[in-house]
Amino acid sequence: MSDILKESDKWLSIDPNSYQAKLKRPHTSPVVNIEDALILWIQKALECNVTITGAIIQQKALRFAELLGNNDFKASIGWLDKFKQRRI
């Protein structure tokens, strides 16, 4: 109980309608820095009215992984589906 109270700010900041709120355990992606960069890119692209497809997201994710030095990252269809659930 005390652990939950210590992290009350984290728990209260979760949107009750989000994907994360429905999980029994919090899940984090091992490639958070890639996904953070990708989210920024998606926001900018949407501001410019650019059409974004899953294939484009995968290509950009691979590019960001390369720039960030993460050569083990693979932007698979499974990753894309989970990314959309987590972030979009």
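Note: the structure precedes this text.
Residues numbered from 1 in each chain as written. Predicted model: local features only at pLDDT ≥ 70, side-chain atom pairs only at ≥ 80, totals over all residues. Heavy atoms only, no water.

> If you had to explain the packing of aromatic side chains to someone new, which residues and values would you point to?
Applying the stated rule across the entire model yields 2 aromatic pairs. When the ring of Phe73 is compared with that of Trp79, the centres are 5.2 Å apart and the planes differ by 90°; the resulting orientation is edge-to-face. When sorted by exposure, Phe73 lands in the same class as Trp79, which is buried. When the centroid spacing of 5.1 Å and the interplanar angle of 15° are considered together, the rings of Trp79 and Phe83 count as stacked. In this pair, Trp79 and Phe83 both sit in helix H5 (residues 77–87), 4 residues apart, roughly one turn of the helix. These aromatic residues form a ring-pair network of at least three members: Phe73, Trp79 and Phe83. (Phe/Tyr/Trp six-rings, centres within 6.5 Å; stacked < 30°, edge-to-face > 60°. Buried < 20%, exposed > 50% of the residue type's maximum accessible area, 1.4 Å probe, protein only. Helix = DSSP H or I, 4+ residues; strand = E, 2+ residues; numbered from the N terminus.)

> Any details on the pattern of salt bridges? Residues and values, ideally.
Counted by the stated rule, this structure contains 2 salt bridges. For the salt bridge of Arg86 with Glu35, the shortest nitrogen-to-oxygen distance reads 2.4 Å. Placement of Arg86 in helix H5 and of Glu35 in helix H3 (residues 32–47) is noted, with a sequence separation of 51 residues between them. Under the relative-accessibility criterion, Glu35 is labelled buried at 1%. Here Arg63 ties to Glu66 by a salt bridge, and the two come within 2.9 Å at their closest N and O atoms. With Arg63 and Glu66 both in helix H4 (residues 54–67), this residue pair falls 3 residues apart, about one helical turn. Under the relative-accessibility criterion, Glu66 is labelled exposed at 52%. (Salt bridge = Lys/Arg side-chain N within 4 Å of Asp/Glu carboxyl O.)

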